[in-house]
Structures are given as structure tokens and as C-alpha cells.
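What the coordinates show
Below are the chains, spelled out letter by letter.
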Amino acid sequence: MKAMCYFTNVILFSIASGASAWLIRNSTDAIANVTDIKSTLKLQVSALIANSRPRRWISQNDMLSILDYHNQVRSNVFPPAADMEYMVWDEGLARSAEAWAATCLWEHGPPFVLRYQGQNLSVRTGGYRSILQLVEPWYNEVNDYRFPYPRDCNPMCPMRCFGPMCTHYTQMVWATTNRVGCAVQTCYNMVVWGTMWRQATYLVCNYSPK
């Protein structure tokens, strides 16, 4: 599925070759001046980029809510799991989730990341009162899950692959999965199930081990 993504402006700065030559052949004071100019330019570029792109970070409160909710549902699985690990936040996973959320693509990816990490996606229009509004639907798939079939929902379905989805739930409660990192992105033009959403709140959570 192709989706319209939300692009930020890219501002390019270049330093003329004459400036480089000037840097080489002048005194240390001149070198210091050019260094100051470069530092100033870097700060300006960082500020402009930060102001021109949507917020992608996740707040401390949202992070704690997601983490606490995962550990809560993991502790209440049935039948109980003797080897259930405690889940912790992982900044590396959060950064990879942030990179994918920034694409505003309503699909899993990128493929090379999914070779090593699990991933849950959630989207809703507009804002949210609590980040758990985007997380709880994953857990609600427990209603369609039948232990011990990890990749199927209801094994009695005549066509298992087309039955209700429950792999978001199983990723949340997978006993050996012990790290999670998430990111939230506001997407102003995002194709979700064939429909253009003008303002979508997109949550990506990456897990390890998958």
C-alpha cells in the first residue's frame, strides 16, 4: 500500500571553497572565528529543523504508562507463565520506532528491522486523552486468542489465516520479550485502510526479542 507521507523542509547550507582556503592560510584567531561561525550555523540548522518537523518524541508519562500497562497485562496472563520476564524500556528500540513512525506509513517496517524486532502499530484520528487509548486495543485481542496457538487466534476457524487478529496481544505478553521502545507521530496526510486521514496520531512500539 502506498501512503502519502509528511515531509519536512530541508535547509542546506554551504561554505564556499574560498572560506576553506582562508581557514588554512590564516592565523589561529581566524580559525577560531570560522569555528564559531560553523558552530552558529549548526545551532541555527538544528533549531530550524526542530521547528519545521512535527513532534515525534514520547513523553515520560506516556513511556511509563505504556511500560506499566505491559507489565500489568503480562502478570495476568492465563494460564500463568512461569518464565514471564519483566519488561523494561529500551532507548534503541524507541529510536527505531521513532524513525519508522516518521514515515507515516500504515504498515510494518522497515523489513531489515523486523528481522530482529517485533512491532505493534496503532493509529487514531486527532489527539488522545491517554496513550493507553492506542495500546489497549492490542490487549483486547486476548478475546480471540486460544492458548497454546501462538500464531493463530481461534484454531477452530476453518481458515486460520483469515480469522480475527491476535498477534498484537501475543507480542505484548510473549514471555521472553523483555524490552520495548515506542514513539508517537502526528501525521497530517496518512493513508489508513485506503482512506486519507488528515490528522492521525500514530503509535509505533518495537519489541525485543521478537
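What counts, and at which threshold
Residues numbered from 1 in each chain as written. Predicted model: local features only at pLDDT ≥ 70, side-chain atom pairs only at ≥ 80, totals over all residues. Heavy atoms only, no water. Helix = DSSP H or I, 4+ residues; strand = E, 2+ residues; numbered from the N terminus. Buried < 20%, exposed > 50% of the residue type's maximum accessible area, 1.4 Å probe, protein only. Polar contact = N/O pair within 3.5 Å; in protein donor to acceptor, adjacent residues only side chain to side chain. Phe/Tyr/Trp six-rings, centres within 6.5 Å; stacked < 30°, edge-to-face > 60°.

Description of the side chain of T170
Residue placement: T170 occurs in helix α7 (residues 167-173). A relative accessible area of 7% places T170 in the buried class. Of the polar contacts made by the side chain of T170, one reaches the backbone oxygen of T167; its length is 3.1 Å.

Notes on the packing of aromatic side chains
Considering all chains together, one arrives at four aromatic pairs under this definition. Seen in terms of ring centroids, W106 and W193 are 5.4 Å apart; in terms of plane orientation they differ by 85°. Their pairing is edge-to-face. Of this pair, W106 sits in the loop between α4 (91-101) and α5 (111-114) while W193 sits in the loop between β4 (190-192) and β5 (195-197), and the two are 87 residues apart along the sequence. Centre to centre, the rings of Y139 and Y169 are 5.8 Å apart; their planes meet at 65°, and the pair counts as edge-to-face. Here Y169 lies in helix α7 and Y139 lies in helix α6 (residues 132-140), a separation of 30 residues in the sequence. The exposure class of Y139 is partly exposed, given its relative accessible area of 26%. Assessed through its relative accessible area of 5%, Y169 is described here as buried. Cluster of aromatic residues (ring-pair linked, three or more members): Y69, Y139 and Y169.

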